[in-house]
Each structure stands twice: as structure tokens, then as C-alpha cells.
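Summary of structural features
Here is what each chain is made of, one letter per residue.
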Amino acid sequence: YVGIDSALIHYARFLKIPTVGFWGPTLPKALLRPLRLRELQIYNQVSCSPCVHVMQSPPCRGQNFCMNHSLQIPKALEFFNEPSRPITNE
């Protein structure tokens, strides 16, 4: 499964489906229970994260730097092309 932080990623993890998750301003480790499964959680640690739970309006003024995962797409593709890849969380 490839998706964003949503209910679907949590269902996929529960069903032990190999998962690549793209996260925005929320730290994945704060919401994901450690499970023994093959997954890659992609998160941009920016200085204003996590803004969603603590501010009325984002400090980036809609630029959404935390959601720019374009440089991580090759990493996500590599995850599915290497079946022997070890279990990781990033």
C-alpha cells in the first residue's frame, strides 16, 4: 500500500500489508504503534512540524514544506523493488 497519513494507512498496517506512508506535519512515531511489518514511513522533519495540532494557522502560510516529498519518490519505488529490504521506520 502507498498512501498518505489517513485511516487507510492504519488499516493496511493492521492487515500487515507492506506500506509506504507519506506524512505531512504529524510525526509518524507519535501516531503509529510499533508493528513487526515491512514499511517505510516518509516524513520531512521541518522546524514548524507538527503545526496542525498546536496552531490555528500554519506558520508556512500554505507553502506546506512538510508535504514536499518529491525527492523521496525514488526511495519509495526502491522499497517495492527490493523484497528483501529489512523492516524500517523513518
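Residues numbered from 1 in each chain as written. Predicted model: local features only at pLDDT ≥ 70, side-chain atom pairs only at ≥ 80, totals over all residues. Heavy atoms only, no water.

**Quick look at the pairing of strand β2 (residues 19-22)**
Judged by which residues are buried, β2 turns out to be covered on both faces: T19 and G21 on one side and V20 and F22 on the other are all buried. Bridge count between strand β1 (residues 2-4) and β2: three bridges; the pairing is parallel. Counterpart to V2 in the pairing with β2 is V20. In this fold, β1 hands off to helix α1 (residues 7-14), which returns the chain to β2; that crossover is right-handed. Of the strand pairs in this sheet, β2 and strand β3 (residues 39-42) are connected by four bridges, and their pairing is parallel. Paired with T19 across the bridge in β3 is E39. (Buried < 20%, exposed > 50% of the residue type's maximum accessible area, 1.4 Å probe, protein only. Helix = DSSP H or I, 4+ residues; strand = E, 2+ residues; numbered from the N terminus. Pairing = 2+ DSSP bridges. Right-handed = clockwise from strand over helix to strand, strands pointing away.)

**Topic: the sheet that holds β1**
Read across the open sheet, the three strands follow the order β1-β2-β3; overall the sheet is parallel. The open sheet has two edge strands, β1 and β3, and neither has a second partner. Pairwise comparison of adjacent strand axes, ignoring direction, gives a mean angle of 15 degrees for this sheet. Where α1 meets the sheet, it contacts β1, β2 and β3, and its direction lies at approximately 155 degrees from that of β2. (Axes fitted to C-alpha atoms, helices over the stretch in contact; angles between N-to-C directions. Contact = heavy atoms within 4.5 Å.)

**Here we look at the environment of K75**
Mapped onto the fold, K75 is located in helix α3 (residues 73-81). K75 sits 35 residues away from L40 along the chain, and the two C-alpha atoms are 9.0 Å apart.

**Examining the pattern of salt bridges**
Following the criterion strictly, the structure yields one salt bridge and no others. With a closest N to O distance of 2.7 Å, R13 and E39 form a salt bridge. Residue R13 is located in helix α1, and its partner E39 is located in strand β3; the two are separated by 26 residues in the primary sequence. Judged by relative accessible area, which is 4%, R13 ranks as buried. (Salt bridge = Lys/Arg side-chain N within 4 Å of Asp/Glu carboxyl O.)

**Focus: unusual backbone geometry**
Not every positive phi belongs to a glycine, and K16 is a case in point at roughly 60 degrees. Note that K16 resides in the loop between α1 and β2. The exposure class of K16 is partly exposed, given its relative accessible area of 49%.

**Digging into the environment of P28**
Note on placement: P28 falls in helix α2 (residues 28-31). Under the relative-accessibility criterion, P28 is labelled buried at 6%. Distance from P28 to Q41, taken between C-alpha atoms, is 7.1 Å for residues 13 residues apart in sequence. Not counting residues within four places of it along the chain, the set of residues in contact with P28 comprises W23, Q41 and Y43.

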